[in-house]
Amino acid sequence: MAIRNIREIGDPVLNKTCKVVKEVTDRTRELINDMFDTMYDAGGVGLAAPQVGILKRLVVIDVTGEEPILLINPVILETSGEQSGNEGCLSVPGKTGMVTRPNYVKVKAYDKELKPFELEGTELLARAIIHEVEHLDGHLYVEKVEGELMNVSDLEDEED
Ligand code: NI
């Protein structure tokens, strides 16, 4: 188990376009395991490779804590509906903001054997998939925030 350093907003690596994964080597598998460890350790529901400084099209997601999902070279095939909610990112610590996203997404990706598969998601899973895929093209959710970026601590006060 290895926890990698999570890059934060302002780090230029977060604004780069990631490269397609053409083979899964031992190093790739180690990176994937580390990405899961890093995401769980930080209490996140998703993590993209550029967030640990690696410019590869690799994403890990787990919105329930019990359903680890690996997406290699993900491509969004279809979206529909709409949801608005507060979103956050491990690369933008302590912050949250309102983002409207599709409520449904269908994505094509590849597994560890580079076999293609399709995955559908709604609600939080749809949000996470789209958020993470955007990381692979150098985009952060803060570009899409409606209104102001808030401190998570302020939001918690509001809800009390
Ligand atoms: Ni993020």
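As a starting point, this report considers the structure included with it. (Residues numbered from 1 in each chain as written. Predicted model: local features only at pLDDT ≥ 70, side-chain atom pairs only at ≥ 80, totals over all residues. Heavy atoms only, no water.)

Side note on the pattern of salt bridges
Selection criterion: Just to be clear on terms, a salt bridge is a Lys or Arg side-chain nitrogen sitting within 4 Å of an Asp or Glu carboxyl oxygen. Each helix is a run of H or I in the DSSP string that is no shorter than four residues. Each strand is a run of E no shorter than two, and both are numbered from the N terminus. Residue exposure (1.4 Å probe, protein chains only): buried if accessible area is under 20% of the type maximum, exposed if over 50%, otherwise partly exposed.
Counted by the stated rule, this structure contains 10 salt bridges. Note that Glu 78 is salt-bridged to Lys 106, the shortest N-O span being 3.7 Å. Taken as a pair, Glu 78 in strand β3 (residues 69-80) and Lys 106 in strand β6 (residues 104-110) lie far apart in primary sequence, 28 residues in all. The exposure class assigned to Glu 78 is partly exposed, which follows from its relative accessible area of 39%. Connected via shared salt-bridge partners are Glu 87, Arg 101, Arg 127, Glu 134 and Lys 144.

A word on the sheet that holds strand β4 (residues 83-87)
Under the convention used in this document: At least two DSSP bridges between two strands are required for those strands to pair. Angles run from 0 to 180 degrees between N-to-C directions of axes, and those axes are lines fitted to C-alpha atoms, restricted for helices to the stretch in contact. Contact criterion: two residues are considered in contact whenever any of their non-hydrogen atoms come within 4.5 Å of each other.
Ordered by their spatial adjacency, three strands build an open sheet running β4-β5-β8, and the pairing between neighbours is antiparallel. Two strands close off the open sheet at either side, each with one partner strand: β4 and β8 (146-151). Each strand of the sheet is rotated relative to its neighbour by a mean of 25°, with strand direction disregarded. Both β4 and strand β5 (residues 95-101) contribute to a ladder of five bridges, which runs antiparallel. Within β5, the position partnered with Gly 85 by the bridge is Val 99. On the sheet, helix α2 (residues 123-135) packs against β4 and β5 and is oriented at approximately 65° with respect to β4.

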